[in-house]
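Chain by chain, the residues:
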Amino acid sequence: MLALHLHPIWLRILLFVPIISATSHQLQAQETPLPATEFTRHDTLRGKLTAFRSCYDVRFYDLSLRIDPERQYISGSNTIHFEVEEDFTTLQVDLFSNLSIDSILFRGEQLRYVRDSNATFVTFPKRQIAGTRDQFTVYYQGAPVVANNPPWDGGFVWSRDSAGNPWVGVACEGMGASAWWPNKDHLSEEPDSMRMHFEVPEALMCVSNGTLRKAENLNDGYIRFTWFVHYPINNYNVSVNIAMYDHFSDSMISGDESLQLDYYVLPDNLEKAKQHFQQVKPMMDCFEKWFGPYPFPKDGYALVETPYWGMEHQGAIAYGNNYVNNRFGFDFIIIHESGHEWFGNSLTVADHAEMWLHEGFTTYTEAIYLECTQGMQRAEDYLMMQRGYIASQEPLIGPLDVNFHRWQKGTDIYYKGTWILHTLRNVLDDDSLWHRLLYEWATRLRHQTVTTRIWVDFVNEKTGKDFSAFFDQYLRQDHLPVLVYKLQRRWGKLRIRYRWEAGAEDFAMPVNAIAGNEAFLLQPVTTGWTRQKLGKAKRQEFSVPEEKYLIRLLEE
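Residues numbered from 1 in each chain as written. Predicted model: local features only at pLDDT ≥ 70, side-chain atom pairs only at ≥ 80, totals over all residues. Heavy atoms only, no water.

Comments concerning the overall build of the protein
Right, on to step 1. The helix and strand inventory of the protein stands at twelve helices and 29 strands.
Right, on to step 2. Scaling as 2.2 N^0.38, a compact globule of 556 residues should have a C-alpha radius of gyration of about 24 Å, and the protein matches this with 26 Å.
Right, on to step 3. A buried classification covers 58% of the 556 residues belonging to the protein.
Right, on to step 4. Surface summary for the protein: the accessible area is close to 22,600 Å², and the carbon and sulfur share equals 47%.
Right, on to step 5. With 53 positive and 70 negative side-chain charges, the protein shows a spacing of 7 Å between the two charge centroids. (Helix = DSSP H or I, 4+ residues; strand = E, 2+ residues; numbered from the N terminus. Rg over C-alpha atoms; globule rule 2.2 N^0.38 Å. Buried < 20%, exposed > 50% of the residue type's maximum accessible area, 1.4 Å probe, protein only. Areas by Shrake-Rupley, 256 points an atom, 1.4 Å probe, with all protein chains shown as cover. Lys, Arg positive; Asp, Glu negative; His and termini not counted. Charge placed at Lys NZ, Arg CZ, Asp CG, Glu CD.)

Written out as structure tokens, the structure reads:
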């Protein structure tokens, strides 16, 4: 619903946005089949970089917020420092409509604005010229969305510890950070750095991302905690945690420097946490070996106990797994959410539709951790356990520009994603190359936004081979490739004919097979049958190792 300060430019805005939406849907329909979902203009306002967003680049956020746990209410401001990319008079900033805007100030003057659902269009008094830098401040307040099932269902979490003290957190991936603070809410937009001031009741501690600059008693029953993030940070990673925390710390060598490790836990769990969190250091050693140095050394690494399961909040990992290891001997939440520091936080996707680049890679870090600590066989056992959760009923990449996160089988971006990587590793059949590929992917694009196209081009460059059809099949088709084969025994020898059934044109992935005591390389294609001799093995001695490839087998 439109409100406030109507101006002739809004007529052009309101006519322009639906056109953007329709065009976007047509283009994406050619690229990826759309799910059975109808997208609205508001999906496009949230998910697309329209001219009202691409006209400016955020350089710095300065967020100030008072949080009242008893009223479940927030009030404050965010100053947005920006650089003009293209001349503009009007820009878009995002804030959920249930939060009221008190004013928007630019150089001491109030700006005109119109709210349309969760988007706000702000008009400046003069044309802003490309290459210049400036800032404006949004003042706002209200009761933010409450999460019903965090972290999957986003919003604020207003809870209490065992002593009845407030225990507050927030998780907003998918939903968007504009659920609780005004920003340019698109994954491709990260500030170069950020400062957060959180005012909370004086008996409580507030933990956020980055490093704690200071804590000031305001003499009105509140303490202001100032946190600073030295690196780019995606909006949904910005977090706030409030409780009567106990804090302990440690350090480790990362590269040539000391890395601070901080832990914030409820008092009842202090001694338990000191023991349980000892798995952090071997995890970090493993990940740094495989993916390069920890990406945010100035901010340090932290685990923060939360009233929900977990979340990859940059430099302040949300932990709520009750200090329990899985049957493979590690705490899934610690390992997985920390893996996101490399894949999701340092390397961030430009659009939610390609979230497999976050979750597939990070889920694979769990297997890498097992490989480091317990060996390859144990890692493959773990991967086989995960494989049972793969449905492969829809493309892994959704439609772009609509903030898509509505997969029918949401676990596929995790488990199918990791099995795509594991399959690629075995197709390459060169662990030195695989190690270099992952290491350089994580380090070369450090602190950048990435896309599937960038990843595919990177793999092709590093391997000297074209894996475009491979990724087209696994990411854009709704079914797995099927290896169709027929075994025949003739003149005392086993023979096989085989081919691929796949949706991707020119899909021609090689696979290793076993026949008796011998290994054979099969090189099926989609364009016809390939025939090959398998020696003196018996029919029942033929197999394709299921622990190495995400494929289906069909014997005729």
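Some words on the confidence of the model for the protein
Right, on to step 1. Of the residues in the protein, 93% have a pLDDT of 70 or more, and the chain-wide mean is 93.
Right, on to step 2. Scored below 50 in pLDDT, residues 1–36 makes 61 contacts in the model with residues more than four places away or belonging to other chains. (pLDDT = per-residue confidence, 0-100. Contact = heavy atoms within 4.5 Å.)

Observations regarding the state of the cysteines
Right, on to step 1. Counted under the stated rule, the structure contains one disulfide.
Right, on to step 2. Across the disulfide, C286 is cross-linked to C372 (sulfur-sulfur distance 2.2 Å). With the S-S bond torsion at 70°, the cross-link from C286 to C372 turns out right-handed. Of this pair, C286 sits in helix α5 (residues 280–291) while C372 sits in helix α7 (residues 356–374); the two residues are 86 residues apart in sequence, bridging distant segments of the chain.
Right, on to step 3. With relative accessibility at 33%, the residue C372 sits in the partly exposed group.
Right, on to step 4. Unpaired in terms of disulfides, C172 finds its nearest cysteine sulfur in C206, a separation of 15 Å.
Right, on to step 5. Relative accessible area serves as the criterion here: at 1%, C206 is assigned to the buried category. (Disulfide = S-S within 2.5 Å.)

Focus on the layout of surface pockets
Right, on to step 1. The calculated volume of the largest pocket comes to roughly 960 Å³.
Right, on to step 2. W152, W309, E359, G410 and Y414 are, among the 37 residues lining the largest pocket, the residues nearest its centre.
Right, on to step 3. For the lining of the largest pocket, the secondary-structure elements that each account for two or more residues are β19 (310–311), α6 (332–339), α7, α8 (376–387) and α9 (412–428).
Right, on to step 4. Sorting elements by how many residues they give to the lining of the largest pocket places α6 first, with four residues.
Right, on to step 5. Grouping the constituent residues of the lining of the largest pocket by class yields 17 nonpolar, 13 polar and seven charged. (1 Å grid on protein atoms, 1.4 Å probe; cavity = no way out; pocket = protein on both sides within 12 Å on 5 of 7 lines; lining within 4 Å. Points joined across faces, edges and corners; volume = space filled by probe spheres on them. Nonpolar A, V, L, I, M, F, W, Y, C, P; charged D, E, K, R; others polar.)

Considering the pairing of strand β26 (residues 518–522)
Right, on to step 1. Pairing analysis gives five bridges linking strand β25 (residues 511–515) to β26, with the strands arranged antiparallel. Counterpart to N512 in the pairing with β26 is L521.
Right, on to step 2. Between β25 and the antiparallel strand that follows it, β26, lie two residues; G516 among them carries a positive phi value of about 65°. (Pairing = 2+ DSSP bridges.)

Things to note about the sheet that holds strand β8 (residues 133–142)
Right, on to step 1. Strand order in this open sheet of eight strands is β5-β4-β8-β2-β1-β11-β14-β13, and the pairing throughout is mixed. Because the sheet does not close on itself, it has two edges, and the strands there are β5 (109–110) and β13 (211–217).
Right, on to step 2. Relative to strand β2 (residues 73–84), strand β1 (residues 56–68) runs antiparallel, the two sharing twelve bridges. Each bridged residue has a counterpart across the sheet, and for R66 the counterpart in β2 is S75.

What to know about the packing of α7 against α8
Right, on to step 1. Across the interface, α7 lies against α8 with an axial gap of 7 Å and an inter-helix angle of 150°. Comparing their axes, α8 and α7 come out roughly antiparallel. For the crossing formed where α7 meets α8, the hand is right-handed. Between α7 and α8, the residues in contact are T363, Y364, E366, A367, L370, E371 and Q374 and M376, R378, A379, Y382, L383 and Q386, respectively.
Right, on to step 2. Residues belonging to the contact of α7 with α8 are distributed by class as follows: seven nonpolar, three polar and three charged. (Axes fitted to C-alpha atoms, helices over the stretch in contact; angles between N-to-C directions. Parallel < 35°, antiparallel > 145°, perpendicular 65-115°, else oblique. Left-handed = near helix turned anticlockwise from the far one by under 90°.)

Describing α7
Right, on to step 1. The first and last C-alpha atoms of α7 sit 26 Å apart over 19 residues, in line with the 27 Å expected at 1.5 Å per residue.
Right, on to step 2. Immediately beyond the C-terminal end of α7, within one or two residues, lies G375, with a positive phi of roughly 100°. (Expected span 1.5 Å × (residues − 1).)

Section: the pattern of salt bridges
Pairing is possible between side chains of opposite charge, provided their charged atoms come close.
Right, on to step 1. What the rule picks out here adds up to 30 salt bridges.
Right, on to step 2. For the salt bridge of D116 with R41, the shortest nitrogen-to-oxygen distance reads 2.6 Å. Taken together, the residues D116 in strand β6 (residues 112–116) and R41 in helix α2 (residues 41–47) connect sequence positions 75 residues apart.
Right, on to step 3. Judged by relative accessible area, R41 falls into the partly exposed class, the value being 25%.
Right, on to step 4. Between E70 and R160 there is a salt bridge, with its nearest N and O atoms 3.1 Å apart. Residue E70 is found in the loop between β1 and β2, and its partner R160 is found in strand β9 (residues 155–160); the two are separated by 90 residues along the sequence.
Right, on to step 5. Each of the salt bridges in this network shares a partner with another, and the network as a whole consists of D57, R59, E83, R133 and D192. (Salt bridge = Lys/Arg side-chain N within 4 Å of Asp/Glu carboxyl O.)

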